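Inside the fold
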Amino acid sequence: MDIALSFKYQYFMKTSLSTFIKHTAKDFHNRSVNPPVVRASTIIFKNLQEIEKTQKKYIKDPRSANFDYGRQGTSTTHALQRILQEMEECYKVYLTPTGFGAVFLAVLSVVEPGDEILITDSVYSPTRRLTEDYLKKFNIKSIFYDPKNFNDLKSKITNKTKLIFVENPGSNTFEFQDLRKIISLAKKHKIYTAIDNTWGTPYLIKPIKLGFDMSIVSATKYYSGHSDVMGGSLAINKKVFKLVEATNRVTGMRLSPDDAYLILRGIRTLDVRMDKHQINALKVAKFLSKQKKIISVYYPYKKNSQNYKLWKKYYSGTSGLMGLKVKSKNRNSVKSFVNSLKLFGYGFSWGGFESLALYQNQKQMGKRSFSNLKKDEHIIRLHIGLEDPVDIINDLKQAIKKIK
Ligand SMILES: *Cc1c(COP(=O)(O)O)cnc(C)c1O
């Protein structure tokens, strides 16, 4: 009866992730391939003893579907939670209504007044605002490190450092870091670690297996894949379970069953979409790297580059998001390049089936302590979608002519 009961937990051990996401979470009770949307605030029980029993069961096994109230989830959200837990190979996954909610939950779960957080400089800008600005009033200090320089990170550790927050690759400039080095440094100093893995997802890298305590994915992006729903996931290991569980109880942030359903539907094809994003983006990166007006392509395509080596060390593939650095004294001509693209939409977010473009100046990119842009440098963020790559490249070809 319960979807959790029809869930094939063992599947993952015997098959690859691609097969697992096709065959898991079937609803044998309703005989539907996908689990139904179960909406609930009140969950009704046969009698009072059953309520007590359910609560006790949950405390004994906090990964079970023993919910007593809608805020804790329903069978639909639990199905998604279970899938992600298997994919991440982690202790537990928490679902949040947005990806940023998962960032909030991760950070707030471990920090206390007086603590310091070490954060990668090219972090997603709302994460920077949360740590650098908002947490200041709780006497929590945020220190930013250069993602291209491990020794910078190392030198900034103090006896107050509670958390190292990594984003790999970084937003807009896409630096790849030496993850194992960071993890062992943190373990040596008894510091918690979190990583924002939205670019890669567990299809390309499994951070909890690697040794991170917490791993964030914005489900809005590749999990959903269709630009029509928001959600987030926080995967954790056993070490931080008590802290995250306690914080999760008081945040009140929950993913709705309808949104969980859409995300689960998207995940069925995560592998197929990611493989095609990679094929298309690699073709685009190689084309762009040959254009004189583009001075850098932030994407791991160039063998022997530092970014390529660090990507290769940890990832089984690439996704569709990249950055380009354009050099031009004529800002309007760069904007005109972006505005002349016909296949690319202009808008925030990414990870959907369609291509997107954004012009990022320093202000839009957010504050940076390192690698600030010069006046004649501009960053264009491209999300390479699932269109025919010949069409995407032709579109870029005609638009690039606008750059003066
Ligand atoms: C989009 C994004 C987020 C936030 O996700 P939302 O679902 O938009 O809240 C967090 N981190 C990274 C790297 C992102 O790109």
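Residues numbered from 1 in each chain as written. Predicted model: local features only at pLDDT ≥ 70, side-chain atom pairs only at ≥ 80, totals over all residues. Heavy atoms only, no water.

1. Overview of the environment of Ala106
The condition is simple: The numbering of helices and of strands both runs from the N terminus, where a helix is a DSSP run of H or I of at least 4 residues and a strand a run of E of at least 2. Exposed residues in this analysis have more than 50% of their type's maximum accessible area, buried residues have under 20%, and partly exposed residues fall in between, with area computed by a 1.4 Å probe over protein chains only. Throughout, a residue-residue contact means that at least one pair of heavy atoms, one from each residue, lies within 4.5 Å.
Looking at where Ala106 falls in the secondary structure, it is placed in helix α6 (residues 99–110). The exposure class assigned to Ala106 is buried, which follows from its relative accessible area of 1%. A C-alpha to C-alpha distance of 23 Å links Ala106 and Asn66, two positions 40 residues apart in sequence. Not counting chain neighbours up to four residues away, the residues in contact with Ala106 comprise Met214, Ile216 and Leu234.

2. Here we look at the sheet that holds strand β10 (residues 345–346)
Under the convention used in this document: Paired strands are those between which DSSP finds at least two bridges. Fitted lines through C-alpha atoms serve as axes, helices being fitted only where they are in contact, and the angles separating the N-to-C directions of these axes extend from 0 to 180 degrees.
If you walk across this open sheet you meet the 5 strands as β8-β9-β12-β11-β10, and the pairing is mixed. Every interior strand has two partners, whereas the edge strands, β8 (294–298) and β10, have only one. Where β8 meets strand β9 (residues 321–327), 4 bridges bridge the pair, whose relative direction is antiparallel. In the sheet register, Tyr298 faces β9, and the bridge partner there is Gly323. Helix α14 (residues 270–289) rests against β8, β9 and β12 (377–383) of the sheet, and its axis sits at about 10° to β9.

3. A short note on the site of the ligand
Where we set the bar: We call a residue near a molecule or strand when any one of its heavy atoms sits within 4 Å of it. In the analysis that follows, any N or O atom pair within 3.5 Å is treated as a polar contact, provided that within protein one partner can donate a hydrogen and the other can accept it, and provided that, for residues neighboring in sequence, both atoms belong to side chains. In short, Shrake-Rupley with a 1.4 Å probe defines the accessible areas, and a residue's cover is counted only from the protein chains shown.
Around the ligand, a shell composed of 13 residues is seen, among which Gly99, Asp196, Ser218, Thr220 and Lys221 lie nearest. Contact between the ligand and Asp196: a nitrogen atom at 2.6 Å from a side-chain N or O atom of the residue. Isolated, the ligand exposes 380 Å² of accessible area, and the fraction of that covered by the protein chains is 91%.

4. Focus: the sheet that holds strand β7 (residues 232–236)
What the 7 strands build is an open sheet, ordered β1-β7-β6-β5-β4-β2-β3; its pairing is mixed. The open sheet has two edge strands, β1 (92–96) and β3 (141–145), and neither has a second partner. Looking at each pair of strands side by side, their axes are set apart by 20° on average, direction ignored. Summarising the sheet, β1 and β7 pair through 5 bridges and their orientation is antiparallel.

5. So, the pattern of salt bridges
Short version of the rule: Every case where a carboxyl oxygen of Asp or Glu lies within 4 Å of a side-chain nitrogen of Lys or Arg is listed as a salt bridge.
If you walk through the whole model with that rule in mind, you get 18 salt bridges. Close ionic contact of Lys22 with Asp271 constitutes a salt bridge, the shortest N to O distance being 2.9 Å. Note that Lys22 is positioned in helix α3 (residues 17–23) and Asp271 in helix α14, a separation of 249 residues in sequence. In this structure, Glu245 engages Arg249 in a salt bridge whose closest nitrogen and oxygen atoms are separated by 4.0 Å. Separated by 4 residues within a single helix, Glu245 and Arg249 lie in helix α12 (residues 241–251), roughly one turn from each other. Look at Arg249 and you get partly exposed, because its relative accessible area is 49%. Through salt bridges that share partners, Asp121, Arg128, Glu132 and Lys367 make up one connected network.

6. Re the nonpolar core
Quick reminder of the rule: To define a nonpolar core, start from buried Ala, Val, Leu, Ile, Met, Phe, Trp, Tyr and Cys residues and group those joined through side-chain atoms within 4.5 Å.
Core analysis: the biggest nonpolar cluster contains 87 residues, and Leu288 and Met322 have the highest contact counts within it. Element by element, the count of residues in this core is highest for α14, at 7 residues. Once residues lying within four places of it in the same chain are set aside, the contact partners of Leu288 are Ile294, Val297, Met322, Leu324, Leu382, Leu396 and Ile400. If you look at the next biggest cluster of nonpolar residues, it comprises 28 residues, including Ala106, Val107, Ile119 and Val244.

7. Examining the side chain of Asp27
The cut-off we apply is this: Asp and Glu are treated as the negative residues and Lys and Arg as the positive ones, with His and the ends of the chain left uncounted.
Note on placement: Asp27 falls in the loop between α3 and α4 (48–60). Buried within the structure, Asp27 lacks any salt-bridge partner; its nearest side chain of opposite charge belongs to Arg31, at an N-O separation of 9.2 Å. Of note is the side chain of Asp27, whose polar atom sits 2.5 Å from the side chain of Asn30.

8. A short note on the packing of aromatic side chains
To keep it simple, the criterion reads: Note on aromatic contacts: the rings of Phe and Tyr and the six-membered ring of Trp form a pair at centre separations within 6.5 Å, being stacked when their planes are under 30 degrees apart, edge-to-face when over 60 apart, and tilted otherwise.
A full pass over the atoms with the stated rule returns 9 aromatic pairs. Taking the centre distance of 5.5 Å and the plane angle of 80° together, the rings of Phe176 and Trp199 count as edge-to-face. Highlighted residues: Phe176 in the loop between β4 (161–167) and α9 (179–188) and Trp199 in the loop between β5 (192–196) and α10 (201–204), separated in sequence by 23 residues. The same class applies to Phe176 as to Trp199, namely buried. Centroid distance Trp199 to Tyr299: 6.5 Å. Interplanar angle 65°. Geometry classified as edge-to-face. Taken as a pair, Trp199 in the loop between β5 and α10 and Tyr299 in the loop between β8 and α15 (306–314) lie far apart in primary sequence, 100 residues in all. Residue classification places Trp199 among the buried positions, given a relative accessible area of 4%. Here the aromatic cluster, defined as three or more aromatic residues joined through ring pairs, consists of Phe176, Trp199, Tyr299 and Tyr315.

9. Comments concerning the environment of Leu135
Within the secondary structure, Leu135 is located in the loop between α7 (125–133) and β3. Judged by its relative accessible area of 0%, Leu135 is buried. Spatially, the C-alpha atom of Leu135 lies 8.9 Å from that of Pro113, the residues being 22 residues apart in sequence. Beyond its immediate chain neighbours, meaning those up to four positions away, Leu135 contacts Val107, Leu108, Val111, Ile117, Leu130 and Ile140.

10. Observations regarding the packing of α14 against helix α18 (residues 389–400)
Packed helices, taken two at a time, are described by the angle between their axes plus the distance between the axes. Applied cut-off: The labels follow the angle: roughly parallel below 35 degrees, roughly antiparallel above 145, roughly perpendicular from 65 to 115, and oblique for the rest. Helix crossings fall into two classes, left-handed where the near helix is turned counterclockwise from the far one by less than a right angle and right-handed where it is turned clockwise. For this scheme, ten residues count as nonpolar: Ala, Val, Leu, Ile, Met, Phe, Trp, Tyr, Cys and Pro. Four count as charged, namely Asp, Glu, Lys and Arg, and the remainder, Gly too, count as polar.
As a packed pair, α14 and α18 sit with axes 10 Å apart at the nearest point and diverge in direction by 30°. Between α14 and α18, the interaxial angle falls into the category roughly parallel. Every pair of crossing elements has a handedness; the one defined by α14 and α18 is right-handed. Facing Lys276, Asn280, Lys283, Val284, Phe287 and Leu288 of α14, the residues of α18 in contact are Pro389, Ile392, Ile393, Leu396, Lys397 and Ile400. Here the residues of the contact of α14 with α18 sort into 8 nonpolar, 1 polar and 3 charged.

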